[in-house]
Amino acid sequence: MTQLSEGAALPVPAQALQVAVTWQTVPGAPEVDVSALLLDGGGRVRGDADLVFYNHTEHPSGAVRHLGKSAPGAPGSAAADWLWLHLARMEREVDRVVVAASVDGGSFGQVRGLDVRVTDLSGAPVSYFAIGGATTETGFVFGEFRRREGGWTFRAVGRGYSSGLAGLATDFGIVAEPPPAPIPGPGYVPPPVPRQAPGYGTPPTPVHSRPYGTPPTPVHSQAYGTPPTPVHSRPYGTPPTSRPTPGYEALPVPSHGHVAPAVFDPLSSSFRPSVHQGRGKETVHCDPAIPPGWALLEIESYHSISTTIESCDAHGRAEDFLLMAYEDDVRARTVALVPPDRPLTLRVDADTPWTLRVLPLAHARRFDSHIEGHAHDLVVYDGPPGVLDFSHHGESPFTVHQHTPPQEPEYDAEDQELLVDEIGEVRVSAPVTGPGLLRISGDGPWKCAMRR
């Protein structure tokens, strides 16, 4: 691990990395909203898609993602906003990836303990840069990844903007309004930073998205793989709060065991996202800290004959298929039910390398009237009881399962109903009893709309 001074740089591996901007919570101080900007050789973005932030959480190339923000705890405790990036997947036109941020309703001079940390996916530290001397700045560039002689370096920048997000954006060729006040949400924060060797943490739970400079309004959802539209949907319940901590030096990070919620409330479950990579058939042992309830699974594989995910029983034996995809290139989402008495275990099988992400349901697309997608996806329906009209253009089976909280939670972990089971070109209707998860599977584009 290397601690950088302003302007210093060091080589970094061209692999998947995580970047955390962390700070200490102080009463009355603003929170920090982190973003990444992908720049060409002229130091400019090529378009709006090159800005990755809390409302545009993934670059179209898949090389940069915004993982989310941890919740503020007691005064003096730590908070963080996280990015994930894969330098080997950067498009050739991308010369730099800038890690920047802005605040609203205050300035960076009010933010204490500000720093930026780079780790690999295991949490092993790569670089650390402590930022000091901030005063009236409302926008900041913390650091940047830059191509150098066929590889990549990370440089500590520490440049502030008194004109906020708008001034920062202008420098890189984008136009944006300052963001609204951040919405707190539950999550995890990095462990304390030792005086001689700064520590590193793990990614937190992301919070609900919101657009720069505009209030959230429900709109039609896009297909998976495009930037999500913020929809503040009706939740099943309120999220659990973070454990109070007396100060920055004593932040607990759950690492083992399950704590059953007082009420079965799966849509409010929160935990740190995790990434697993492999090839062929492998068993994935998920983080024991993931609470019982639903978890979103997101998988990518390319040029594979088939890609499957199965849940496993307490002995590690394959139990139920959660996903069966036979397309050459797969980017799919499905759902897994975390048992109350043991960690989630999965069996993943693909002919080529695959990447599996285990995420809270906050990452799932939500809708209450209309949604469109392609192939395999997991969406949250927030509408009333009624009839949903489905259409599918493809050749393979098209199925829709609805997952809902159990009517008898003392006996069942969930209720599941097969709404649609057709083949090829499909136009069909199915009744729903109210909110729940829709696990949709096909091999082509599909649409779903609430009948009015």
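Figured I'd write up the structure that's included with this text.

Analysis parameters
Residues numbered from 1 in each chain as written. Predicted model: local features only at pLDDT ≥ 70, side-chain atom pairs only at ≥ 80, totals over all residues. Heavy atoms only, no water. Helix = DSSP H or I, 4+ residues; strand = E, 2+ residues; numbered from the N terminus. Buried < 20%, exposed > 50% of the residue type's maximum accessible area, 1.4 Å probe, protein only. Contact = heavy atoms within 4.5 Å. Areas by Shrake-Rupley, 256 points an atom, 1.4 Å probe, with all protein chains shown as cover. Pairing = 2+ DSSP bridges. Patch = residues over 30% accessible without salt bridge, like charges linked within 9 Å, V, L, I, M, F, W, Y side chains within 5 Å. Salt bridge = Lys/Arg side-chain N within 4 Å of Asp/Glu carboxyl O. Axes fitted to C-alpha atoms, helices over the stretch in contact; angles between N-to-C directions. Core = buried A, V, L, I, M, F, W, Y, C linked by side-chain atoms within 4.5 Å.

## Side note on the overall build of the chain
Then step 1. Looking only at helices and strands, the chain features 1 helix and 27 strands.
Then step 2. Going through the 452 residues of the chain one by one, you find that 56% of them count as buried.
Then step 3. Considering only intrachain contacts with a sequence separation of at least 6, the fraction spanning at least 24 residues in the chain is 75%.
Then step 4. Per element, the accessible surface of the chain, about 19000 Å² overall, is 52% carbon and sulfur.

## A look at the environment of S162
Then step 1. Here S162 lies in the loop between β12 (151-161) and α1 (164-171).
Then step 2. If sequence neighbours within four positions are ignored, S162 has contacts with T136, E137 and T138.

## Structural notes on the pairing of strand β17 (residues 329-338)
Then step 1. Most of β17 is tucked away, with 7 of its 10 residues classed as buried.
Then step 2. Note: strand β14 (residues 293-302) against β17, 10 bridges, orientation antiparallel. The residue bridging W294 from the neighbouring strand is L337, located in β17.

## Details of a nonpolar patch on the surface
Then step 1. Where nonpolar side chains cluster on the molecular surface, the patch consists of F321, M324 and Y326 and spans about 320 Å² of accessible area.
Then step 2. Positionally, Y326 belongs in the loop between β16 (318-325) and β17.

## A short note on unusual backbone geometry
Of all residues except glycine, most have a negative phi; of all peptide bonds, most are trans.
Then step 1. Notably, E149 is not glycine yet its phi reads approximately 50°, a positive angle.
Then step 2. Considering the arrangement of structural elements, one finds E149 in the loop between β11 (139-148) and β12.
Then step 3. Residue E149 is classed as exposed on the basis of its relative accessible area of 87%.
Then step 4. Even without being glycine, A375 reaches a positive phi, approximately 60°.
Then step 5. Mapped onto the fold, A375 is located in the loop between β20 (370-374) and β21 (377-381).

## A word on the sheet that holds strand β22 (residues 386-392)
One key point about sheets: their strands pair by backbone hydrogen bonds, in either a parallel or an antiparallel sense.
Then step 1. Strand order across the open sheet formed by 4 strands is β20-β27-β22-β25, with antiparallel pairing between neighbours. In this open sheet, the two strands that pair with only one neighbour each are β20 and β25 (426-432). The average undirected angle you get between the axes of adjacent strands in this sheet is 20°.
Then step 2. As judged from the 7 bridges shared by β22 and β25, these two strands associate in the antiparallel manner. In the strand pairing of β25, L388 is matched with A430.

## Quick look at the pattern of salt bridges
Then step 1. In the structure shown here, the tally under the stated rule is 18 salt bridges.
Then step 2. Measuring nitrogen to oxygen at the nearest pair gives 2.7 Å for the salt bridge that ties R46 to E91. Here E91 lies in the loop between β7 (78-86) and β8 (96-102) and R46 lies in the loop between β4 (33-39) and β5 (51-52), a separation of 45 residues in the sequence.
Then step 3. We note a salt bridge from D313 to R317, for which the minimum N-O separation is 2.8 Å.
Then step 4. Relative accessible area serves as the criterion here: at 52%, R317 is assigned to the exposed category.

## Details of the sheet that holds strand β6 (residues 64-69)
Then step 1. Ordered by their spatial adjacency, 6 strands build an open sheet running β1-β10-β9-β3-β7-β6, and the pairing between neighbours is mixed. With one partner strand each, in any of the chains shown, β1 (2-3) and β6 form the two edges of the open sheet.
Then step 2. Sheet topology note: the strand β3 (residues 16-24)/strand β9 (residues 112-120) ladder contains 7 bridges and is antiparallel. Across the sheet, residue Q18 finds its bridge partner in β9, namely T119.

## Some remarks on the nonpolar core
Note on soluble globular proteins: their nonpolar side chains tend to be buried together.
Then step 1. Among the nonpolar cores identified, the biggest contains 38 residues, and V32, M90, F142 and F145 are the most heavily contacted of them.
Then step 2. At 4 residues, the largest contribution of residues to this core is made by β3.

## Let's talk about the pairing of β20
Then step 1. Burial along β20 is one-sided: the residues I371 and G373 are buried and none of H370, E372 and H374 is.
Then step 2. Taken together, the 5 bridges between β20 and strand β27 (residues 445-450) define a ladder with antiparallel strand orientation. Across the sheet, H370 pairs through a bridge with A449, a residue of β27.

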